[in-house]
Amino acid sequence: MYYSNSDDEIVGFWEKWSEPLGGQYECVLRLIEFFAKQEKYELVVRLHPNLLNKPTSLINKWQSIPTKKNSHIILPGEKISSYDLLEKSVGTITFGSTIGIESAYYTKPVL
């Protein structure tokens, strides 16, 4: 399970910003490639509901992510509970969303 976050909301989390996997968008593209090469797990990307409050160009960029085998995108306006997704997931990947802390509370592995 990958939970996105708004880039402008995570800037203050670290003293020095380091992106070894690229920014969020690039990281999601890499994860999609990785999950397409294996058969055991599916990648579900939950786009943050706040994305709908961002510029149209950013919304379009995220909503048109090219998925592959074993990857799915949940759009920001979809009425799917993040907690239901969390309960059914094997683990959580996030770029600073508070769902990462909540995932740890649910005893899910968090990256």
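Notes on the structure follow. Treat the numbers as computed from the prediction; the structure is a model and nothing was measured. Counting starts from 1 at the beginning of each chain's written sequence and moves along it residue by residue. With pLDDT at 70 or above as the cut-off, local features in this predicted model cover only qualifying residues; side-chain atom pairs require 80 or more to be listed or tallied, and sums for whole chains, interfaces and linings still use all residues. Hydrogens and waters are ignored; side-chain quantities use all the structure's heavy atoms.

1. Considering the sheet that holds strand 2 (residues 43-46)
Selection rule: Any two strands between which DSSP finds at least two bridges are classified as paired. Runs of H or I in DSSP of at least four residues are treated as helices and runs of E of at least two as strands, each being numbered from the N terminus.
Strands sit in the order 3-2-1-4 across an open sheet of 4 strands; the sheet is parallel. Sheet topology places strand 3 (71-74) and strand 4 (93-94) at the edges, where each strand pairs with a single neighbour. Taken together, the 4 bridges between strand 2 and strand 3 define a ladder with parallel strand orientation. When the bridges of strand 3 are listed, Val-44 appears paired with His-72.

2. Some remarks on unusual backbone geometry
The cut-off we apply is this: Burial classes: relative accessible area under 20% of the type maximum marks a residue as buried, over 50% as exposed, and values in between as partly exposed (1.4 Å probe, protein chains only).
Although it is not a glycine, Asn-70 sits at a positive phi angle of roughly 70°. You can see Asn-70 is positioned in the loop between helix 3 (56-63) and strand 3. A residue is classified by how much of its surface remains accessible, and Asn-70, at 15% relative accessible area, is buried.

3. Things to note about a nonpolar patch on the surface
Quick note on the threshold: Patch membership is restricted to residues that have no salt bridge and whose relative accessible area is over 30%. Joining uses 9 Å for like charges and 5 Å for the nonpolar side chains Val, Leu, Ile, Met, Phe, Trp and Tyr. The protein chains shown are the only cover counted for residues, whose accessible areas, like all others here, come from Shrake-Rupley with a 1.4 Å probe. Salt bridges are identified by distance alone: a Lys or Arg side-chain nitrogen within 4 Å of an Asp or Glu carboxyl oxygen.
Among the surface-exposed residues, Tyr-83, Tyr-105 and Tyr-106 lie close enough to one another that they form a single nonpolar patch of about 370 Å² accessible area. Tracing the backbone through its elements, the reader meets Tyr-105 in helix 5 (residues 99-105). Given a relative accessible area of 71%, Tyr-105 falls into the exposed group.

4. Quick word on helix 2 (residues 24-36)
Keep this limit in mind: Between the first and last residue of a helix there are one fewer steps than residues, each counted as 1.5 Å, and that sum is the expected span.
For helix 2, spanning 13 residues, the distance from its first C-alpha to its last is 18 Å, which sits close to the expected 18 Å at 1.5 Å a residue. The complete set of buried residues in helix 2 reads Gln-24, Tyr-25, Cys-27, Val-28, Leu-31, Ile-32, Phe-35 and Ala-36.

5. A word on the pairing of strand 2
Convention followed: If you view a crossover with the strands going away from you and the path from the first strand over the helix to the second runs clockwise, you call it right-handed.
The alternating pattern of strand 2 places Leu-43 and Val-45 and Val-44 and Arg-46 on opposite faces, both of which are buried. Strand direction decides the pairing type here: strand 1 (residues 2-3) and strand 2, joined by 2 bridges, are parallel. Along strand 2, the bridge assignment pairs Tyr-3 with Arg-46. In this view, the connection linking strand 2 to its parallel neighbour strand 3 by way of helix 3 has right-handed handedness.

6. Considering the pattern of salt bridges
Inspection of the entire model under this criterion finds 2 salt bridges. Notably, a salt bridge pairs Glu-39 with Lys-69, separated by 2.6 Å at the nearest N-O pair. In this pair, Glu-39 is assigned in the loop between helix 2 and strand 2 and Lys-69 in the loop between helix 3 and strand 3, connecting sequence segments 30 residues apart. Residue classification places Glu-39 among the exposed positions, given a relative accessible area of 61%.

7. A look at the nonpolar core
Operational definition: By nonpolar core we mean a set of buried residues, namely Ala, Val, Leu, Ile, Met, Phe, Trp, Tyr and Cys, connected to one another through side-chain atoms within 4.5 Å. Whether two residues are in contact is decided by their heavy atoms, any of which lying within 4.5 Å being enough.
Counting residues in hydrophobic clusters, the biggest one holds 16 residues, and the most contacted among them are Tyr-2, Val-28, Leu-31, Leu-43, Val-45, Trp-62 and Ile-65. In terms of residue count, helix 2 provides more of this core than any other element does, 6 residues in total. If we ignore the near neighbours within four places in the chain, the residues touching Leu-31 are Tyr-2, Leu-43 and Ile-93. Membership of the second largest hydrophobic core comes to 7 residues, among which are Met-1, Tyr-3, Leu-85 and Leu-86.

8. What to know about the packing of aromatic side chains
The cut-off we apply is this: Classification of ring pairs uses Phe, Tyr and Trp, with its six-membered ring standing for Trp, and accepts pairs whose centres are within 6.5 Å; under 30 degrees between planes counts as stacked, over 60 as edge-to-face, and the remaining range as tilted. Lysine NZ or arginine CZ positioned within 6 Å of the ring centre and within 35 degrees of the ring normal marks a charge as sitting over the ring.
This structure, assessed with the given rule, holds 3 aromatic pairs. Note on Tyr-105 and Tyr-106: the rings are 6.1 Å apart at their centroids and 80° apart in plane angle, and the pair reads as edge-to-face. Exposure remark for Tyr-106: the relative accessible area of 31% places this residue in the partly exposed category. A cation sits over an aromatic face here: Lys-61 above Tyr-25, 4.5 Å from the ring centre.

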